[in-house]
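Below are the chains, spelled out letter by letter.
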Number of protein chains: 2
Amino acid sequence: MSIRDVAEQVGVSIATVSRAFNAPDQVAPETRRRVMQAATQLGYVPNSSAQTLRRQFSKVLGVVLPTLLNPVFAECLDGIAQMAAANGYSIVPMTTDYQLAGEEAAVNRLLAYSVDGMILVVSNPQTSQELVKLQARSLPYVLLYNRHADHPCVSVDCEGAMGQLIHRLAGMGHSRIAMVSGQLAASDRSQQRYRGYVTGMRECGLDAYDLVEVPFMDAVVSRLAQFLGAARRPSALVCSNDLLAIRCLRAAHVAGLEVPRDLTVVGFDGIELGRDLTPVLSTIAQPNREIGRRGVQLIVQALGKGRALDPAASLTLSHEFHEGESCAPAAS
Amino acid sequence: MSIRDVAEQVGVSIATVSRAFNAPDQVAPETRRRVMQAATQLGYVPNSSAQTLRRQFSKVLGVVLPTLLNPVFAECLDGIAQMAAANGYSIVPMTTDYQLAGEEAAVNRLLAYSVDGMILVVSNPQTSQELVKLQARSLPYVLLYNRHADHPCVSVDCEGAMGQLIHRLAGMGHSRIAMVSGQLAASDRSQQRYRGYVTGMRECGLDAYDLVEVPFMDAVVSRLAQFLGAARRPSALVCSNDLLAIRCLRAAHVAGLEVPRDLTVVGFDGIELGRDLTPVLSTIAQPNREIGRRGVQLIVQALGKGRALDPAASLTLSHEFHEGESCAPAAS
DNA sequence: TTGTAGGCGTTATCAG
DNA sequence: CTGATAACGCCTACAA
């Protein structure tokens, strides 16, 4: 079912068929009509491997994300898909499961696919070998959520945001504020948020708790419930992401605490689901779809001009504190 | 950065380079070593467009899903990804947003990519033009969640499951049981679940409510809260999916009802998040990852033998009622 | 307006 | 064990 079959069926050369698709105005209306008809009748679809080989671009953008099980990334991908479609690009999303090996596999596969550009969320921009690989080929790429001076990034100032949050909670009378995060090593975002926590606590003259690091999502509730049952438990929990915050809500319940009366819980990300929970999840909301859209925009724009993308093109989008219902002044 | 560059660098023919990758034992150990070294040094990655063109397969499976914003599909995709990787296949997921146009676009694009097989969740297998397109090419495909006698499917008997659920609720003393669903036309699953509801109600000698159809996720909570505030409100709500059920939980709260004391809510899907909510979401759980895995297995197996996939190969996996905490006997 | 032909990067066949 | 070469399906000068 190649261009040949169509050409034969219509009784024209393959060049004419090709033109009917790619330069319709260069072919006689009647011929074009017959070509298109034969094409639909035969179910002909131009083979994009052949196209990519011949043209030297694919109109495909690769997307590398940690996981789609976290709605943050699903929402972001939604934004990416929108903006990509609007610009005539397809996307090929790949998932790393927060593994370095996954990042390498994804990037390599995407390179093999001859994607025109790449949008990625990596675990550590600083040390990522994949990024140098992209640079070496001067393949346009942009990082999402990650923040690093040497790479083009679209992100939110999460360190600052977390600092502000601590100030806000302190202002509400909280002094025993603990932070919960996933595996710190797997995400520079978590690290930045943690830094913001530490800094914020210091600025407020409060003692920072040891970070509560919960590597595996499954054991997390019991682990947290135990923490909340201990003496000198915190009066507020800030979480490095919303999914974790939701688990904290559950853990509080398991530990016999009522949110927000006995415990304030604040997440980070602003996933849509959080707005429909009870209590409505308080969170530092990032514009996830917008992050995706702007990432695509940058790439498309770089593709339009020459090559590569300047780190100076990085964007810091603004976050927003969603008050929610899981947040209240400290009991006095 | 093609095979030529590597060949040149090493001083061998491109054939040898190709062999070093595809038939390592047909090339002298020393030569192979040099080739591989040059390859990594130059950052050479075999171009899969060229490979796909030359071989007549791509080792890629296309995946067509309604959305990734619903964790059901994200979890399923996770299973697909696992099993695909285990069998040496890549996947290219595409999203339709529950639109027919989206299904067509996705299928066409995947065909253009020369995927070896396709795994899809469509809105209506009965009338889908895309499926006949696949059949016409005898491209192996399998439907997930959909159920239809003429197509190979991996699914759960959701009509039966919903019927059982009604019986169970009736057994708990509920008689005013209403059903909530998204846009019915967009999903044969919802239709089947609704049929199960109607049948179940009839069997139990109960009056079925008019279906509460909430097309748009955003207005859903207020819409539902209003419904729950009306006279002769139901004592139990069964939902066509978990995401909706979560909104029902919220709506109940907004309407001043306490779950499960004043209202029982049961979802459908068994998304993982439901287990960490308060109240823990009662639901008819489907083995989402397993559905994905088995779908891939069927395709791979079909690919192994000749072609196509017999509808008789369809699998009905078993569901499981998760009791949760959002479910209680009717107040008497 | 249409046709011819070269080549995109690979693999596989056939010689050597 | 290695090399030369013909496709794979398509696009695009260049001719006609």
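For clarity, every value in this text was computed on a predicted model and none was experimentally measured. (Residues numbered from 1 in each chain as written. Chains lettered and ligands numbered in written order. Predicted model: local features only at pLDDT ≥ 70, side-chain atom pairs only at ≥ 80, totals over all residues. Heavy atoms only, no water.)

Details of the sheet that holds strand β8 (residues 236–239) of chain A
All names here are of chain A. This is how the line gets drawn: Here, a strand pair is defined by DSSP locating no fewer than two bridges between the strands. Secondary structure follows DSSP: runs of H or I at least 4 residues long count as helices, runs of E at least 2 residues long count as strands, and numbering of each begins at the N terminus.
The strand order β7-β6-β8-β9-β10-β12 describes an open sheet built from six strands, whose pairing is mixed. A single partner strand is all that each edge strand has here, and the edge strands are β7 (212–213) and β12 (320–322). Here strand β6 (residues 177–181) runs beside β8; their pairing, made up of four bridges, is parallel. Opposite A178, over in β8, you have L237 as the bridge partner.

As for the packing of aromatic side chains
For the record, the criterion: The rule is short: rings of Phe, Tyr and Trp, with Trp giving its six-membered ring, pair when the centres are within 6.5 Å, and they are stacked under 30 degrees, edge-to-face over 60, tilted in between. Whether a residue is buried, partly exposed or exposed follows from its accessible area with a 1.4 Å probe, protein chains only, as a fraction of its type maximum: under 20%, in between, or over 50%, in that order.
For the structure on display, the rule yields eight aromatic pairs over all chains. Ring geometry for A:Y209 and A:F227: centres 6.4 Å apart, planes at 80°, overall edge-to-face. Residue A:Y209 is located in the loop between α9 (188–203) and β7, and its partner A:F227 is located in helix α10 (residues 220–229); the two are separated by 18 residues in the primary sequence. Note on A:Y209: relative accessible area 12%, which makes it buried. With a centroid separation of 6.0 Å and an interplanar angle of 25°, the aromatic rings of B:Y194 and B:Y197 are classed as stacked.

Describing the interface of chain B and chain A
Frequently, the measure chosen for interface size is the accessible area removed from exposure when the parts meet. Spelled out, the test is: Between two residues, a contact is recorded if the distance between any of their heavy atoms is within 4.5 Å. Once two parts are brought into contact, the accessible area they lose, counted with a 1.4 Å probe and summed over both, makes up the buried area. By salt bridge we mean one thing: a side-chain nitrogen of Lys or Arg within 4 Å of a carboxyl oxygen of Asp or Glu.
Taken together, the contacts link 42 residues of chain B with 42 residues of chain A. Here chain B and chain A share an interface that buries about 3,400 Å² over both sides, 57% of which is from carbon and sulfur atoms. Summed over the three residues of chain B that lose the most area to chain A, namely B:L69, B:R250 and B:D276, the buried surface amounts to 17% of that side. The tally of links from chain B across to chain A stands at four salt bridges. A salt bridge links A:R247 to B:D276, with the shortest nitrogen-to-oxygen separation between them at 2.6 Å.

Considering empty space enclosed by the protein
Selection rule: Grid points spaced at 1 Å over the protein atoms alone were grouped into cavities, where a 1.4 Å probe fits but cannot get out, and pockets, open sets with protein on both sides within 12 Å along at least five of seven lines, with lining residues defined by an atom within 4 Å of a point. Grid points are joined across faces, edges and corners, and a volume is the space filled by probe spheres set on the points. For this scheme, ten residues count as nonpolar: Ala, Val, Leu, Ile, Met, Phe, Trp, Tyr, Cys and Pro. Four count as charged, namely Asp, Glu, Lys and Arg, and the remainder, Gly too, count as polar.
On inspection of all chains with the given rule, the structure shows two cavities of 30 Å³ or more. Size it by volume and the largest cavity reaches roughly 260 Å³. Taken together, 14 residues line the largest cavity, and the ones lying closest to its centre are A:S48, A:S49, A:Y113, B:S49 and B:Y113. Those elements giving two or more residues to the lining of the largest cavity turn out to be α4 (48–54) of chain A together with α4 (48–54) of chain B. Space inside the second largest cavity adds up to approximately 30 Å³. Residue lining of the second largest cavity: A:L68, A:L69, A:P71, A:A74, B:L68, B:L69, B:P71 and B:A74, and that is the complete set. Contributing elements (two or more residues each) for the lining of the second largest cavity: α5 (71–86) of chain A together with α5 (71–86) of chain B. Per-class residue counts for the lining of the second largest cavity are eight nonpolar, no polar and no charged.

Remarks on the side chain of B:S235
Residue and element names in this part refer to chain B. As a reminder of what qualifies: Between N or O atoms, a polar contact is any pair within 3.5 Å; within protein, one atom must be a potential hydrogen donor and the other a potential acceptor, and residues adjacent in sequence are included only when both atoms are from side chains.
Within the element layout of this structure, S235 appears in the loop between α10 (220–229) and β8 (236–239). Classification of S235 by relative accessible area gives buried; the value is 13%. For S235, the side chain forms a polar contact with the side chain of H174, separated by 2.7 Å. Excluding residues within four positions of it along the chain, S235 makes contact with H174, S175, R176, D262, L263 and T264.

Some words on the pairing of strand β2 (residues 90–95) of chain A
Residue and element names in this part refer to chain A. Among the six residues in β2, five count as buried, and that is most of the element. Sheet analysis places strand β1 (residues 60–65) next to β2, joined by six bridges and oriented parallel. Its bridge partner being in β2, G62 is matched across the sheet by V92.

Re the protein's contact with DNA strand C
Under the convention used in this document: Each residue is tested against the molecule or strand, and it is near if at least one of its non-hydrogen atoms lies within 4 Å.
Taken together, 28 residues are adjacent to DNA strand C, and A:T16, A:T31, A:R54, B:I3 and B:R54 come closest. Near the protein, within 4 Å, the atoms of DNA strand C are sugar or phosphate in 63% of cases. Here a phosphate oxygen of DNA strand C sits 2.8 Å away from a polar atom, N or O, in the side chain of B:Y44. The set of elements that each furnish at least two residues to the surface near DNA strand C consists of α2 (14–22) and α4 of chain A together with α1 (3–10), α2 (14–22) and α4 of chain B. Counting residues per element, the surface near DNA strand C draws most heavily on α2(B), at five residues. For the surface near DNA strand C, the residue count by class is twelve nonpolar, ten polar and six charged.

Considerations on the relation of the copies chain B and chain A
In plain terms, the rule: The superposition of copies rests on a least-squares fit of C-alpha positions from residues with pLDDT of 70 or more in both.
Structural alignment of chain B on chain A gives an RMSD of 0.0 Å, achieved by rotating through 180° and translating 0.0 Å along the axis. Both copies are brought into coincidence by an operation consistent with a two-fold rotation axis. Rotation axis and chain B: the residue whose C-alpha lies nearest the axis is B:S49, separated from it by 2.2 Å. Taken together, the interface assignments show that 100% of the residues at the interface of chain B recur at the interface of chain A, consistent with an identical surface on both copies.

Focus on the layout of surface pockets
What the second largest pocket holds in volume is close to 1,500 Å³. Looking at the second largest pocket, it is lined by 49 residues, and the ones nearest its centre are A:L111, A:R137, B:M1, B:V45 and B:N47. Listing elements by their share of the lining of the second largest pocket, those giving two or more residues are α4, α6 (100–112), α7 (129–136) and α12 (288–304) of chain A together with α1, α2, α3 (29–42) and α4 of chain B. Each residue belonging to the lining of the second largest pocket can be placed in one class, and the counts come to 24 nonpolar, 15 polar and ten charged.

A look at helix α12 (residues 288–304) of chain B
Basically, it comes down to this: Helix span, as expected, comes to 1.5 Å for every residue beyond the first.
For α12(B), which comprises 17 residues, the first-to-last C-alpha distance of 24 Å matches the rise-based estimate of 24 Å (1.5 Å per residue) to within 8%. For α12(B), the set of buried residues is B:N288, B:R289, B:I291, B:G292, B:G295, B:V296, B:L298, B:I299, B:V300, B:A302 and B:L303.

Bear in mind that shape data such as this cannot, by itself, settle questions of function.
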